[in-house]
Amino acid sequence: YKGELEDLARQRLAILSAAYREKLKKDPNDVGAMAQLGILYGEYGLYAEALEQFERMLGDDTGNAAAHNNIGNIRFMRGKYEEALQAYTASLQAAPGDPGIMVNLARSLQKLKKTDAAKKRFQEAAASAPRGTAFPPGPGVDGRKTNRGEGENGEDPGAGGAEEGSFAARAR
């Protein structure tokens, strides 16, 4: 059944991505279509293709917070925590005070064993978030695909890093 499931997933991706690919044919600079296509690719584990879309978003706007954040998400998913940290830092510079980006940055710091810096970022995120804001438990696309479970190395499961196969894309 594995082959059949893979075929169905490819078919579903083709259907879901068709509208965004069509938009990009009409307007190759449609940042919204790039973002959504990148998110879809990320959800389906096509990280190189997702990264390509997010990097394209930076073509005309190097300060695009969502693009940097999503690039960080891809790098985080691949275990490239230092590169993810750089992308999240660029994202936070473009959108200062964004608590979601702060959480992503903190998760990278946590993975890099920079516990004090991670704790500080988590606290800043909590302090700047509107009251009642629930942060996603880890990278997941708009909260639809999450990775709740045991945290690694004593991490809080609700603030744990990404698991293989999940994807965080916070489209703004």
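Not measured: the values here are computed from a predicted model.

### Concerning the packing of helix H4 (residues 65-77) against helix H5 (residues 81-94)
Move 1: Running from amino to carboxyl end, H4 crosses H5 at an angle of 165 degrees, the nearest separation of the two axes being 8 Å. As judged from the angle between their axes, H4 and H5 are roughly antiparallel. When the axes of H4 and H5 are compared, the crossing they make is left-handed. Between H4, through Ala65, His68, Asn69, Ile71, Gly72, Asn73, Arg75 and Phe76, and H5, the contact on the second element is made entirely by Tyr81, Glu83, Ala84, Ala87, Tyr88, Ala90, Ser91 and Ala94.
Move 2: Partitioned by chemical class, the residues of the contact of H4 with H5 number 9 nonpolar, 5 polar and 2 charged.

### Considerations on the packing of aromatic side chains
When we look at a pair of aromatic rings, we describe it by the centre distance and by the angle of the planes.
Move 1: A full pass over the atoms with the stated rule returns 1 aromatic pair.
Move 2: Centroid distance Phe76 to Tyr81: 5.1 Å. Interplanar angle 70 degrees. Geometry classified as edge-to-face.
Move 3: The exposure class of Phe76 is buried, given its relative accessible area of 2%.

### Comments concerning unusual backbone geometry
Move 1: One non-glycine residue, Lys113, lies in positive phi territory at about 65 degrees.
Move 2: Here Lys113 lies in the loop between helix H6 (99-111) and helix H7 (115-128).

### Here we look at helix H1 (residues 2-26)
Within an α-helix, residues lying three or four positions from one another point in the same direction, as the helix has 3.6 residues per turn.
Move 1: The terminal C-alpha atoms of H1 lie 36 Å apart, and with 25 residues this matches the ideal 36 Å at 1.5 Å per residue to within 8%.
Move 2: At Ser17, H1 shows its largest kink, close to 45 degrees.
Move 3: Regarding H1, the residues found buried are Leu13, Ser17 and Leu24.
Move 4: For H1, the elements touching its buried residues are helix H2 (31-43) and helix H3 (47-57).

### Notes on the pattern of salt bridges
Move 1: Overall, the coordinates contain 3 salt bridges when judged by the stated rule.
Move 2: A salt bridge links Asp7 to Arg10, with the shortest nitrogen-to-oxygen separation between them at 2.4 Å. Taken together, the positions of Asp7 and Arg10, both in helix H1 and 3 residues apart, correspond to about one turn of that helix.
Move 3: One salt bridge connects Arg75 with Glu83, and the closest N-O pair in it is separated by 3.6 Å.
Move 4: Among the residues examined, Glu83 registers a relative accessible area of 34% and is labelled partly exposed.

What counts, and where the lines are drawn
Residues numbered from 1 in each chain as written. Predicted model: local features only at pLDDT ≥ 70, side-chain atom pairs only at ≥ 80, totals over all residues. Heavy atoms only, no water. Axes fitted to C-alpha atoms, helices over the stretch in contact; angles between N-to-C directions. Helix = DSSP H or I, 4+ residues; strand = E, 2+ residues; numbered from the N terminus. Parallel < 35°, antiparallel > 145°, perpendicular 65-115°, else oblique. Left-handed = near helix turned anticlockwise from the far one by under 90°. Contact = heavy atoms within 4.5 Å. Nonpolar A, V, L, I, M, F, W, Y, C, P; charged D, E, K, R; others polar. Phe/Tyr/Trp six-rings, centres within 6.5 Å; stacked < 30°, edge-to-face > 60°. Buried < 20%, exposed > 50% of the residue type's maximum accessible area, 1.4 Å probe, protein only. Expected span 1.5 Å × (residues − 1). Bend = angle between axes of the 7 residues up to and from the residue. Salt bridge = Lys/Arg side-chain N within 4 Å of Asp/Glu carboxyl O.

From the geometry alone we can't say anything about function, so treat these as descriptive.
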